[in-house]
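So the chains spell out like this:
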Amino acid sequence: MKAEILSILRETEGYISGQQLCKQFQVSRTAVWKVIEQLKEEGYQIEAVRNRGYRLESAPDVMWRAEIESLLTTKWAGCDVLYFPETDSTNTRAKHFGDEGASHGTLVVAEKQTGGKGRRGRRWESPAGSSVYMSILLRPEIQPNQAPMLTLVMAQSVAEAVCTVTGQRAWIKWPNDIVVNGKKVCGILTEMSTEIQWINHVVIGVGINVNTESFPEELAKTATSLYLENGKRWRRAPLIAEVMKQFERYYDLFIQTGDLSGILNEYNALLVNQGREVRVLEPGHEYNGHAVGINETGELLIHTADGRIRKVYAGEVSVRGIYGYV
Ligand code: ATP
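Residues numbered from 1 in each chain as written. Predicted model: local features only at pLDDT ≥ 70, side-chain atom pairs only at ≥ 80, totals over all residues. Heavy atoms only, no water.

*Asks:* Go over the packing of helix α1 (residues 2–11) against helix α3 (residues 29–41) with me, naming the residues and quoting the values.
*Replies:* Where α1 contacts α3, the two axes come as close as 11 Å, and the packing angle between them is 80°. With respect to α3, the axis of α1 lies roughly perpendicular. Where α1 approaches α3, its residues K2, I5, L6 and L9 are matched on the opposing element by V35, I36, Q38 and L39. Taken together, the residues that form the contact of α1 with α3 break down as six nonpolar, one polar and one charged. (Axes fitted to C-alpha atoms, helices over the stretch in contact; angles between N-to-C directions. Helix = DSSP H or I, 4+ residues; strand = E, 2+ residues; numbered from the N terminus. Parallel < 35°, antiparallel > 145°, perpendicular 65-115°, else oblique. Contact = heavy atoms within 4.5 Å. Nonpolar A, V, L, I, M, F, W, Y, C, P; charged D, E, K, R; others polar.)

Take a look at the structure:
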């Protein structure tokens, strides 16, 4: 009921009467009053005026279940929100829930990660209070070799959500990073649990630096936050809700086509590497070329000096700008 009351308070211009809320939820006035008092204690500013009712003045920057659920407009993405003030890694948690039978679309969110993960065993810096750490659990009926494309589906969703919520242009650094002004604001990590032929579940983890004010020295050159780039602080729950909205749309398109053909043009339009000279770092082999764009299966096409077009498969590869990160 808490999430629903919050939704109604948000949608109502002006005041909603206590009586209307009682009627809607078939509960007593005291029950409604208790929820309102609880919300106030949690940091929501709610004005209560005799004979008029309640009005939401402001909401705190929290990522609790009720707050996120009250903002979601999706059918299945984020259908169940599990919030943790602190966890090792939201991906690890989501995988655990996946093994226990949690449903497609379950979203795990944490305020802080003590063991945030990047690709290939790298670390994701995850302090409390300023960022989004979330993982969505999926049960797609696709072949295991199609699953890496989901990273690109999420990258597209995050880039668009950032732009919609903050007005800030965000770009995709193939395959799994989102960059603003040439620095990384978001990383994406896809992990899956498979049998030989089929997928048990896929988990896509997303870390977004939202209001981060500074980074450890070793990251400061390549990492940034939305706050550092545009000087404004953003509430994180609306950003999460927008990512879920975009992801649901693009994911459904991906499942329909079985590849990225439905989002190819949009993805390439946001690809920061496109048309630039890049350095491809494959294990034991490095080369330069011009990034052309991705194909339907999410490989990056590189035009090399010998006139060939090489396809780069995301797995073990890193792509860098020739003068730095982008
Ligand atoms: P590559 O460019 O080699 O493909 P990557 O960008 O894909 O690497 P990830 O595995 O996605 O790397 O993310 C881990 C890396 O991101 C870390 O090694 C570190 O350099 C950087 N990093 C860690 N925490 C943060 C953060 N909060 N914000 C931005 N960058 C971070």
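*Asks:* Please set out the domain arrangement of the protein residue by residue, giving values where relevant.
*Replies:* For an interface, size is often stated in terms of accessible area lost upon the parts coming together. What the domain assignment reports for the protein is domain 1 (2–58), domain 2 (65–269) and domain 3 (277–319). Taking only C-alpha atoms, the centre of domain 2 and the centre of domain 3 are 24 Å apart. Together, the buried faces of domain 2 and domain 3 total about 1,200 Å²; carbon and sulfur atoms form 60% of this surface. In this structure, the connection of domain 2 to domain 3 is made through zero salt bridges. Secondary-structure elements contributing two or more residues to the side of domain 2 that touches domain 3 are α6 (149–166) and α9 (264–270). Broken down by element, the residue count for the side of domain 2 that touches domain 3 peaks at three residues, all from α9. The class makeup of the residues in the side of domain 2 that touches domain 3 is eight nonpolar, two polar and five charged. (Domains from an automatic or database assignment. Buried area = accessible area lost by both parts, 1.4 Å probe. Salt bridge = Lys/Arg side-chain N within 4 Å of Asp/Glu carboxyl O.)

*Asks:* How would you sum up the layout of surface pockets? Please name residues and give values.
*Replies:* The computed volume of the largest pocket comes to approximately 770 Å³. Taken together, 38 residues line the largest pocket, and the ones lying closest to its centre are G118, R123, W124, D177 and K184. Of all the secondary-structure elements, those providing two or more residues to the lining of the largest pocket are α5 (90–99), β5 (131–138), β8 (183–194), β9 (199–209) and β14 (318–321). Taken together, the residues of the lining of the largest pocket sort by class into 13 nonpolar, 15 polar and ten charged. The computed volume of the second largest pocket comes to approximately 410 Å³. In terms of lining, the second largest pocket is formed by 18 residues, of which the most central are R119, P148, T151, T190 and G315. Examining the composition of the lining of the second largest pocket, we find that five residues originate from one element, β8, more than from any other. Of the residues belonging to the lining of the second largest pocket, the class tally is nine nonpolar, five polar and four charged. Shared between two domains, the lining of the second largest pocket holds at least three residues of each, these being domain 2 (65–269) and domain 3 (277–319). (1 Å grid on protein atoms, 1.4 Å probe; cavity = no way out; pocket = protein on both sides within 12 Å on 5 of 7 lines; lining within 4 Å. Points joined across faces, edges and corners; volume = space filled by probe spheres on them.)

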